[in-house]
Amino acid sequence: MKFPKYLKPVLVMMMILPWFSVPLIGREAFKRFLPASLFIAVIVRIVNFIAQKRRWWWWYETLHPRISGITPFMLGPFLVGSLWILKWTYGNFTRYMLLNLGVDGAFTYGLVYYLQKAGIASLVRLKKINLLLLFTLEALLLYGFQFFKERFFQDDRYRRNSN
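Just so we're clear, the structure is a prediction, and the values are computed from it rather than from any experiment. (Residues numbered from 1 in each chain as written. Predicted model: local features only at pLDDT ≥ 70, side-chain atom pairs only at ≥ 80, totals over all residues. Heavy atoms only, no water.)

Considerations on the packing of aromatic side chains
Stage number 1. Considering all chains together, one arrives at 14 aromatic pairs under this definition.
Stage number 2. With centroids separated by 6.4 Å and ring planes inclined at 80°, the aromatic side chains of Phe-73 and Phe-107 adopt a geometry described as edge-to-face. Taken together, the positions of Phe-73 in helix α4 (residues 71–89) and Phe-107 in helix α5 (residues 93–118) put the pair 34 residues apart, joining distant regions of the chain.
Stage number 3. Under the relative-accessibility criterion, Phe-73 is labelled buried at 7%. (Phe/Tyr/Trp six-rings, centres within 6.5 Å; stacked < 30°, edge-to-face > 60°. Helix = DSSP H or I, 4+ residues; strand = E, 2+ residues; numbered from the N terminus. Buried < 20%, exposed > 50% of the residue type's maximum accessible area, 1.4 Å probe, protein only.)

Quick word on unusual backbone geometry
Stage number 1. With phi around 55°, Arg-55 is a residue other than glycine that occupies positive phi space.
Stage number 2. Position of Arg-55 relative to the elements: it lies in the loop between α3 (27–54) and β1 (57–59).

A short note on the pattern of salt bridges
Stage number 1. Under the criterion given, the structure shown has 2 salt bridges.
Stage number 2. The salt bridge partner of Glu-28 is Lys-31, with a shortest N-O separation of 3.7 Å. Taken together, the residues span about one helical turn, with Glu-28 and Lys-31 both in helix α3 at a distance of 3 residues.
Stage number 3. Classification of Glu-28 as partly exposed rests on a relative accessible area of 39%.
Stage number 4. Note that Glu-150 and Arg-32 form a salt bridge whose closest N and O atoms lie 2.5 Å from each other. You can see Glu-150 sitting in helix α6 (residues 128–152) and its partner Arg-32 sitting in helix α3, a full 118 residues away along the chain. (Salt bridge = Lys/Arg side-chain N within 4 Å of Asp/Glu carboxyl O.)

Shown next as structure tokens:
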């Protein structure tokens, strides 16, 4: 099955465009939340490896044969989105989880449909509710990483500024 030629440029744009918002985050917030965002990006890559082995989902379109199809999402909207979500909500766990459920729900019940229609990716052996639960677990890991990082490996400047 041959896919339209415009999909690769769309994936590249999807990976690059979110980074234009990073200067608006601020230098301190970027440095503060980047380690947790990188950590969760690695976790997402590991989960994707497991998911492809177990055929939970499949990526039809990739940027390069040796690069997973999740890479544009992981390095673009997911990584930058993690920075923004932590900046807006860190310190208020309820608000953090509600925002994550909203974003993850929009992806699961909205964007997945369009990814299938465009021939980019589709769920194979995983139901949408299970995908949402997986995203929720990843959100908990992200918040937990940031919490423990600030609690045990940082000086007091972030703890004073977060409340």
